[in-house]
Each structure stands twice: as structure tokens, then as C-alpha cells.
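Reading the structure
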Amino acid sequence: MCEFKFTKIERPISEHKIMFLRFDIFQRLSDDRLIRVISSHEKQGFSKSYFYFLFDKLKSLKIVKDNSIAFKIIIPFQSNDKIEFSKGLAYVSSDHIFYYINLESSKYSCDYCPIKGDCIVSMKQVAKENGVKISKENPRDAWNSIIEEIQDQIKNKIINLVISN
């Protein structure tokens, strides 16, 4: 079971950084209204005040900066006794598509998914851009292996990070 959404980004992309969001906040990004605000500067049926209310929320999370997208990848995490990455990913592709995948959601199963074809095409795009080989046939399993590989790549970057005082 998972939740997958995608949309074309009309905003400029100013930064290509990796962000970490608490899982409860990450789940809120699946809201269609927030996705519309992330992807476009057009009000799209919102009142001006509501649009800017949502935009300011995204700005405070540093997802948007000025009028542009300020991330490449968002990794959700949970923190109990230790920090653990969740099974999800928000990603901005090189062709300006915003992808949101949450494998911990119970919204759809692959057997009854209305956008399975789009999901598979998107999965291949994300895998290709991150140098990940797809070895699973089931889309959910394939997404899981892609997310794990991207998270492992990020963990290696963190381990090799040198912090100076």
C-alpha cells in the first residue's frame, strides 16, 4: 500500500539540496492544495490570503524560498529513541516534475492503483537520475528499493561529511 502523486513544476528551482522532514509533516505534503502551491505560483482557485497562508507554511519549512523550489530531495524521518528514515520520498526531477511517494500510507495497493502506469514511468525516471538499478517487478517493491538506495547514498554523504568548529 502506498500513496503516489506527481505534478509538473512551474516555479523556478533555486536549490538542489537534500532536506529532512519529520514524517508527520512529510505526510501533509500529499495534500493536493500544498502540492499545487509547491508546483505553481498561480493561485489556482485559492483566495489570495489562503494561497499565501499555505505558501508561508512551505516557506517556514524551507521547501520554498522567495518564489522558487528550494530542494531536490526530501527524506522523511521518525524520531523515537533514535532517528530512522521513513519509507517515503519527495523528489524534484531534472525535467521539473515533483514526485511524492509514501510507502507507509494505506491509500492504494498496486493491484487497484488508478495510476500504476504513471507510477512505473516515474519510478524509472527517479531511479535513472540517481543511478539506481530497478531489480523488482512489483512497483511497490521497486519504489522501496529505490528509496532505500537513495537513503543509503545520503547516509554515506552524511558519514563522509566533515564538520569544523
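Before reading further, recall that the structure is shown in the block above.
Quick look at the structure, then. (Residues numbered from 1 in each chain as written. Predicted model: local features only at pLDDT ≥ 70, side-chain atom pairs only at ≥ 80, totals over all residues. Heavy atoms only, no water.)

1. Quick look at the state of the cysteines
The final tally for this structure, using the stated rule, is zero disulfides. Here Cys-2 stays free of any disulfide, with the sulfur of Cys-110 as its closest cysteine sulfur at 5.7 Å. By relative accessible area, Cys-2 is classed as buried at 8%. Lacking any disulfide linkage, Cys-119 is separated from the closest cysteine sulfur, that of Cys-2, by 5.8 Å. (Disulfide = S-S within 2.5 Å. Buried < 20%, exposed > 50% of the residue type's maximum accessible area, 1.4 Å probe, protein only.)

2. Remarks on the pairing of strand β2 (residues 18-22)
Of the two faces of β2, only one is covered, namely that formed by Met-19 and Leu-21; the face formed by Ile-18, Phe-20 and Arg-22 stays uncovered. Alignment of β2 against strand β5 (residues 73-79), held across five bridges, turns out to be parallel. Paired with Met-19 across the two strands is Ile-74, which belongs to β5. (Helix = DSSP H or I, 4+ residues; strand = E, 2+ residues; numbered from the N terminus. Pairing = 2+ DSSP bridges.)

3. Some details on a nonpolar patch on the surface
A surface patch of nonpolar side chains, about 230 Å² in accessible area, is lined by Ile-18, Phe-20 and Ile-158. Checked against the element boundaries, Phe-20 lands in strand β2. (Patch = residues over 30% accessible without salt bridge, like charges linked within 9 Å, V, L, I, M, F, W, Y side chains within 5 Å. Areas by Shrake-Rupley, 256 points an atom, 1.4 Å probe, with all protein chains shown as cover. Salt bridge = Lys/Arg side-chain N within 4 Å of Asp/Glu carboxyl O.)

4. Thoughts on the environment of Phe-23
Inspection of the secondary structure puts Phe-23 in helix α1 (residues 23-28). Taking relative accessible area as the criterion, Phe-23 reaches 10% and is therefore assigned buried. Separated by 44 residues in sequence, Phe-23 and Asn-67 have C-alpha atoms that sit 25 Å apart. Beyond its immediate sequence surroundings of up to four residues, Phe-23 is in contact with Pro-76, Phe-77, Gln-78, Ser-86, Asn-102 and Glu-104. (Contact = heavy atoms within 4.5 Å.)

5. Looking at the packing of aromatic side chains
Under the definition given, this model contains 13 aromatic pairs. Aromatic side chains Phe-4 and Tyr-99 sit 6.3 Å apart centroid to centroid with 20 degrees between the ring planes, which places their arrangement in the stacked category. Taken together, the positions of Phe-4 in strand β1 (residues 3-8) and Tyr-99 in strand β8 (residues 97-102) put the pair 95 residues apart, joining distant regions of the chain. Taken as a pair, Phe-4 and Tyr-99 share a single burial class, namely buried. Centre to centre, the rings of Tyr-50 and Phe-53 are 6.2 Å apart; their planes meet at 20 degrees, and the pair counts as stacked. Taken together, the positions of Tyr-50 and Phe-53, both in helix α3 (residues 48-60) and three residues apart, correspond to about one turn of that helix. A residue is classified by how much of its surface remains accessible, and Tyr-50, at 29% relative accessible area, is partly exposed. (Phe/Tyr/Trp six-rings, centres within 6.5 Å; stacked < 30°, edge-to-face > 60°.)

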